[in-house]
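Single-letter residue listing:
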Amino acid sequence: MTAASDTTHFGFETVKLAEKQAKVDDVFHKVAGRYDLMNDLMSAGLHRVWKDALISALRPPRTRPFRHLDVAGGTGDVAFKILEAGGPETNVTVLDINGEMLAVGRERAQKRFPGDDRINFVQGNAEELALPADSFDAYTIAFGIRNVPRIDKALAEAYRVLKRGGRFLCLEFSHVDVPLLDKVYEAYSFNIIPPMGRMVTGEAEPYQYLVESIRKFPKPQVFANMIEDAGFRRASFTPMTGGVVALHSGWKL
Ligand SMILES: C[S@@+](CC[C@H](N)C(=O)[O-])C[C@H]1O[C@@H](n2cnc3c(N)ncnc32)[C@H](O)[C@@H]1O
C-alpha cells in the first residue's frame, strides 16, 4: 500500500509523487509550440497584466547589478519584462525543467534581445537547483510552482539560492472569492478552456489538467504559511482579478 505522503495530485487524479513530474513534462511538451498563443486566448491577455504586477512589485534596479533567477520560466515572458525594466547590469537566468519550453524561450529571446548576454537559459528542476547558495538578488516563479511535485523542496531551494535581503515572488492561480464571478469562472474554466485548448493545440487534456490543478493548489493563506515555513519572512499575498491569481511575496532576511 502507498503511504499518503508518497502521493500527490495531478489535476484531480491522485498519483505517486515520483510519477507527477513526468506527467507535467508531458503536458508542456504537448503545448510548448502554442503555449504563448493559448495564454493570450485563455486569459484574454490578462496574464500580461498579472506579470506586469509582478515586475512592479520586484522593481529591478536600473543603476546597480541585479542577479535574478526566474524558475519555471518557460518561454521567457517574465525574464523579458525584467530585462526591459532593469538596467545594463541586470542578469536573468531562466530555469525550466522542460527543454521544449526553453527552446521556444531562447528563440523569442534571440528575436527580442539579439546579442544580449544579460539572459541565459538553463534546464533544471526547481526542487534541486544546481546553483550556488546565496547567489541571487531575487527569485520569481510564475504559474510554475503548482506544477512542481514537492513544493516544500522548491521553496527550500528558493531560500537557499537567494542572498540575504533577497526577494521571493510567486505568481500563481488562486481561488476566486467574489460571488457570481466564482460561478462564471467555474463554468468558463471547465466548459470553455479545455475545448479551446483542443482547437488551438490539438489537445484538451493539458488544459483539463490546468483547470483541475488550479483547484488543487493551496488557498493563499495556506501557501503563505508554506513560504514562511521555508524560512522566508514577511510573507504576504495580493489577490488579483477577484482572486483568479495571487501574487505571493517573501524575504530572506
Ligand atoms: C504554466 S508554465 C509557466 C511558464 C512561465 N513562467 C509563464 O508564466 O509563462 C509552467 C512551467 O513550469 C515548468 N516546470 C514544471 N515543473 C518544473 C520543475 N520541477 N522545475 C522547473 N520547472 C518546472 C514547466 O516546464 C513549464 O514551463
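Residues numbered from 1 in each chain as written. Predicted model: local features only at pLDDT ≥ 70, side-chain atom pairs only at ≥ 80, totals over all residues. Heavy atoms only, no water.

Draft legend 1. How the structure looks around the site of the ligand. Lining the immediate environment of the ligand, one finds 20 residues, of which Ala 72, Asp 96, Asn 125, Ala 126 and Ala 142 sit closest. The separation between an oxygen atom of the ligand and a polar side-chain atom of Tyr 35 is 2.9 Å. Considering the ligand on its own, with 590 Å² of exposed area, one finds that the protein chains cover 98% of that surface. When residues of the shell around the ligand are traced back to their parent elements, those giving at least two are α1 (17-31) and α2 (35-43). No other element matches the three residues that α1 contributes to the shell around the ligand. For the shell around the ligand, the residue count by class is ten nonpolar, eight polar and two charged. (Near = heavy atom within 4 Å. Polar contact = N/O pair within 3.5 Å; in protein donor to acceptor, adjacent residues only side chain to side chain. Areas by Shrake-Rupley, 256 points an atom, 1.4 Å probe, with all protein chains shown as cover. Helix = DSSP H or I, 4+ residues; strand = E, 2+ residues; numbered from the N terminus. Nonpolar A, V, L, I, M, F, W, Y, C, P; charged D, E, K, R; others polar.)

Draft legend 2. Seen up close, helix α5 (residues 99-112). Taking 1.5 Å per residue as the helical rise, α5 with its 14 residues ought to reach 20 Å, and the 20 Å between its terminal C-alpha atoms agrees with that figure. Among the residues making up α5, those that are buried are Met 101, Leu 102, Gly 105 and Ala 109. What you see down the axis of α5 is that its buried residues fit within an arc of 95°, all on one side. In α5, the exposed positions that point more than 90 degrees away from the buried face belong to Gln 110 and Lys 111. Residues of α5 that are buried in the fold lie against α1, α2, α4 (77-85), β4 (90-96) and β5 (119-123). The opening residue of α5, the one whose side-chain oxygen lies 2.9 Å from the backbone nitrogen of Glu 100, is Asn 98. (Expected span 1.5 Å × (residues − 1). Buried < 20%, exposed > 50% of the residue type's maximum accessible area, 1.4 Å probe, protein only. Arc of directions from axis to C-beta. Contact = heavy atoms within 4.5 Å.)

Draft legend 3. Local environment of the packing of helix α7 (residues 181-201) against helix α8 (residues 205-216). At a minimum axis separation of 8 Å, α7 and α8 run at an interaxial angle of 150°. In terms of orientation, α7 lies roughly antiparallel with respect to α8. Only Tyr 207, Gln 208, Leu 210, Val 211, Glu 212, Ile 214 and Arg 215 of α8 make contact with α7, whose side of the interface consists of Tyr 185, Glu 186, Ser 189, Phe 190, Ile 193, Pro 194, Gly 197 and Thr 201. Per-class residue counts for the contact of α7 with α8 are eight nonpolar, four polar and three charged. (Axes fitted to C-alpha atoms, helices over the stretch in contact; angles between N-to-C directions. Parallel < 35°, antiparallel > 145°, perpendicular 65-115°, else oblique.)

Draft legend 4. Main features of the layout of surface pockets. Looking at the second largest pocket, its volume works out to about 270 Å³. What lines the second largest pocket is a set of 16 residues, among which Leu 58, Arg 59, Arg 64, Phe 66 and Trp 251 lie closest to the centre. Tallying contributions element by element places strand β7 (residues 162-173) first for the lining of the second largest pocket, with five residues. Broken down by class, the residue content of the lining of the second largest pocket amounts to eight nonpolar, two polar and six charged. (1 Å grid on protein atoms, 1.4 Å probe; cavity = no way out; pocket = protein on both sides within 12 Å on 5 of 7 lines; lining within 4 Å. Points joined across faces, edges and corners; volume = space filled by probe spheres on them.)

Draft legend 5. The arrangement of the pattern of salt bridges in detail. On inspection of all chains with the given rule, the structure shows 16 salt bridges. Note that Glu 157 is salt-bridged to Arg 160, the shortest N-O span being 2.7 Å. Taken together, the positions of Glu 157 and Arg 160, both in helix α6 (residues 151-161) and three residues apart, correspond to about one turn of that helix. Here Arg 160 falls in the partly exposed class, since its relative accessible area comes to 28%. (Salt bridge = Lys/Arg side-chain N within 4 Å of Asp/Glu carboxyl O.)

Draft legend 6. Examining the sheet that holds β7 more closely. Across the sheet, seven strands lie side by side as β5-β4-β3-β6-β7-β9-β8; this open sheet has mixed pairing. Across the chains shown, the open sheet's two edge strands, defined by having one partner strand only, are β5 and β8 (233-240). Each strand of the sheet is rotated relative to its neighbour by a mean of 15°, with strand direction disregarded. Pairing geometry for strand β3 (residues 66-71) and strand β6 (residues 136-142), over four bridges, is parallel. Bridge pairing in β6 links His 68 to Ala 138. (Pairing = 2+ DSSP bridges.)

Draft legend 7. Just the packing of aromatic side chains, in detail. By the definition in use, this model includes eleven aromatic pairs. A ring pair is formed by Trp 50 and Phe 143, whose centres lie 6.2 Å apart and whose planes are at 55°; its orientation type is tilted. Of this pair, Trp 50 sits in helix α3 (residues 46-58) while Phe 143 sits in the loop between β6 and α6, placing them 93 residues apart in sequence. The same class applies to Trp 50 as to Phe 143, namely buried. Members of the aromatic cluster, joined through ring pairs, are Tyr 139, Tyr 159, Phe 168 and Phe 232. Its end group placed over the ring of Phe 10, Lys 23 keeps NZ or CZ at 5.5 Å from the ring centre. Its end group placed over the ring of Tyr 159, Lys 252 keeps NZ or CZ at 4.9 Å from the ring centre. (Phe/Tyr/Trp six-rings, centres within 6.5 Å; stacked < 30°, edge-to-face > 60°. Lys NZ or Arg CZ within 6 Å of the ring centre and 35° of its normal.)

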